Amino acid sequence: MANIQSLRGMNDILGKDSELFTYFVDNASRIARNYGFSYMETPILEETALFKRSVGESSDIVNKEMYQFTDKGENDVCLRPEGTAGVVRSFVQNKFDRAGGTYRWYYYGPMFRYERPQKGRLREFHQFGAEVFGVSSVYEDANIIMMLKDILEFFKIGFKLQLNSLGCPTCMPVYRENLVKHLTSFKDELCEDCNRRIETNPIRVLDCKNENCQKLLYNAPKITNNLCEKCDTDFEKLKEILDFNGVEYEIDTNLVRGLDYYSQTAFEFVSDEIGAQSAIAGGGRYDKLVEFLGGRATPGIGFAIGIERLLELIKMNDDDNEIIYLGALSDEALNSLTKIASKKRETTKTIIEYTPRGFGKHFKLAEKQNATMVALIGENELNDGTIYTKNLNTQEERTIKIEEF
Ligand code: HAM
């Protein structure tokens, strides 16, 4: 009988990946907390209606990619394809919309989309996301973008920020109508998907990946030239704040995002180092979503990072990667190692090998565990109160007093 394998597009997180995963989550959480965000968690399984109403019935995510089933109580449920809808549901359910005020939350966890797996595209993947409620000021849009930038920069990740405004219920419908008029004139030349989208969600035509469609779209009306006064002023202000803070961006009027709940600010952080699936994070404003899910009108904005895509790009900081390997050449030295380890562990990952061994064997084991420093105590060191150390990055060897170590 063949052994059971994990499902296609679903991976275990183990070894080096798990080290990187926790390294990422720890530091991204710290940065989010410094920006005033608190951790929150929502269930992985939710009512299907939640995503239909928020992400949108015409989106690919809801249309084609949901892990949807009927549970034993005959409820129509699905594994969450993204995090925002659940956070908004919780916001309304817990009556924060009625209490008023500002709320900032971050979260991380698994999301599920039944997509065709390829490099950077999984069926179970992890997001680190943040959502803000109750702030309509465009300074918050800048704040969210700068927090995301700080997270990526902490991990030394190169990125490009693409920015757009998707307008509001005043200007978007007018623009949409103009766009449909324009698209209809050369409908037959557009691909099948675009033809379907003209009917269901015309602005999604703008981000069609088909080269021929992109050529045809060259002269299409641009949303940024069709914004109402309020949206236009906000978009100009956002650009001004980003400029003032030295945040580089490019305006991409074809950036429409694959989820229907956005209005005004929409953005994506992309990298050209990870292949076709280049979006490492995306987000934007969703001022109508709380109301749409039955709450009292409350502005919202947020983003989510695709953790797996990001981990491909993380080059671990040398300091954070430090691992000390402690070994003894004889049984008598083991006690001192336990004492040294407990001191070292206040700041640094430290492993003890409990079986006394020869020099060469210790080095082999240390290498296997990716140690950056080997520290050994033999008979001489035990008599002198010293410890032998070798830095495996620089190859420097020293025998020093234990207190100094
Ligand atoms: P999203 O753009 O659908 O936005 O997903 C955010 C990120 O998740 C993407 O940029 C990508 O890095 C990662 N991602 C998406 N699908 C996959 C996949 N199949 N495999 C691996 N990684 C993937 C949202 O989900 C919104 N909820 C973001 C948001 C929060 N907007 C406002 N607040």
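Residues numbered from 1 in each chain as written. Predicted model: local features only at pLDDT ≥ 70, side-chain atom pairs only at ≥ 80, totals over all residues. Heavy atoms only, no water.

Student: Looking at this structure, how should I read the sheet that holds strand E4 (residues 76-79)?
Tutor: Adjacent strands of a sheet pair through backbone hydrogen bonds, lying either parallel or antiparallel. Read across the open sheet, the three strands follow the order E2-E4-E3; overall the sheet is antiparallel. With one partner strand each, in any of the chains shown, strand E2 (45-47) and strand E3 (67-70) form the two edges of the open sheet. Taking the axes of each pair of neighbouring strands and ignoring which way they run, one obtains an average angle of 35° across the sheet. (Pairing = 2+ DSSP bridges. Helix = DSSP H or I, 4+ residues; strand = E, 2+ residues; numbered from the N terminus. Axes fitted to C-alpha atoms, helices over the stretch in contact; angles between N-to-C directions.)

Student: Help me out: how do you make sense of the site of the ligand in this one?
Tutor: Residues in close proximity to the ligand total 26 residues, the closest being Glu82, Glu115, Leu122, Glu131 and Tyr262. In this structure, an oxygen atom belonging to the ligand sits 3.0 Å away from a side-chain N or O atom of Gln127. Between an oxygen atom of the ligand and a side-chain N or O atom of Arg257, the distance comes to 2.9 Å. When the free accessible area of the ligand is taken as 660 Å², the share hidden by the protein chains comes to 96%. Of all the elements in the fold, those that place two or more residues in the shell around the ligand are strand E6 (124-133), strand E10 (279-285) and strand E11 (300-306). Broken down by element, the residue count for the shell around the ligand peaks at six residues, all from E10. Of the residues assigned to the shell around the ligand, the class counts are eleven nonpolar, eight polar and seven charged. (Near = heavy atom within 4 Å. Polar contact = N/O pair within 3.5 Å; in protein donor to acceptor, adjacent residues only side chain to side chain. Areas by Shrake-Rupley, 256 points an atom, 1.4 Å probe, with all protein chains shown as cover. Nonpolar A, V, L, I, M, F, W, Y, C, P; charged D, E, K, R; others polar.)

Student: Is there a simple way to think about the nonpolar core in this case?
Tutor: One recurring pattern in soluble globular proteins: nonpolar side chains tend to sit buried together. Counting residues in hydrophobic clusters, the biggest one holds 96 residues, and the most contacted among them are Phe24 and Ile151. Ignoring any residue separated from it by four or fewer positions in sequence, one finds Phe24 in contact with Phe128, Ile151, Phe155, Ile305, Ile307, Leu310, Leu311 and Ile314. With 15 residues, the next largest nonpolar core counts Leu334, Leu337, Ile340 and Met373 among its residues. (Core = buried A, V, L, I, M, F, W, Y, C linked by side-chain atoms within 4.5 Å. Buried < 20%, exposed > 50% of the residue type's maximum accessible area, 1.4 Å probe, protein only. Contact = heavy atoms within 4.5 Å.)

Student: Please clarify how the packing of aromatic side chains should be interpreted in this entry.
Tutor: The geometry of an aromatic ring pair comes down to the distance between the two centres and the angle between the two planes. Per the stated rule, a full pass over the model turns up 26 aromatic pairs. Plain terms: the ring middles of Tyr108 and Phe128 are 6.3 Å apart, the flat faces sit at 5° to each other, and that makes the pair stacked. With Tyr108 in strand E5 (residues 103-112) and Phe128 in strand E6, this pair connects stretches of sequence that are 20 residues apart. Taken together, a centroid distance of 5.0 Å and an interplanar angle of 55° make the contact between Phe359 and Tyr388 tilted. Separated by 29 residues along the polypeptide, Phe359 in helix H14 (residues 359-368) and Tyr388 in strand E15 (residues 386-391) bring together distant segments of the chain. The exposure class assigned to Phe359 is partly exposed, which follows from its relative accessible area of 39%. The structure contains a cluster of three or more aromatic residues connected by ring pairs, namely Tyr23, Phe24, Tyr39, Tyr106, Tyr108, Phe128, Phe154 and Phe155. Sitting above the plane of the Phe154 ring, Arg30 keeps its charged end 5.0 Å from the centroid. Above the ring of Phe405, the side-chain terminus of Lys344 is found at 4.5 Å from the ring centroid. (Phe/Tyr/Trp six-rings, centres within 6.5 Å; stacked < 30°, edge-to-face > 60°. Lys NZ or Arg CZ within 6 Å of the ring centre and 35° of its normal.)

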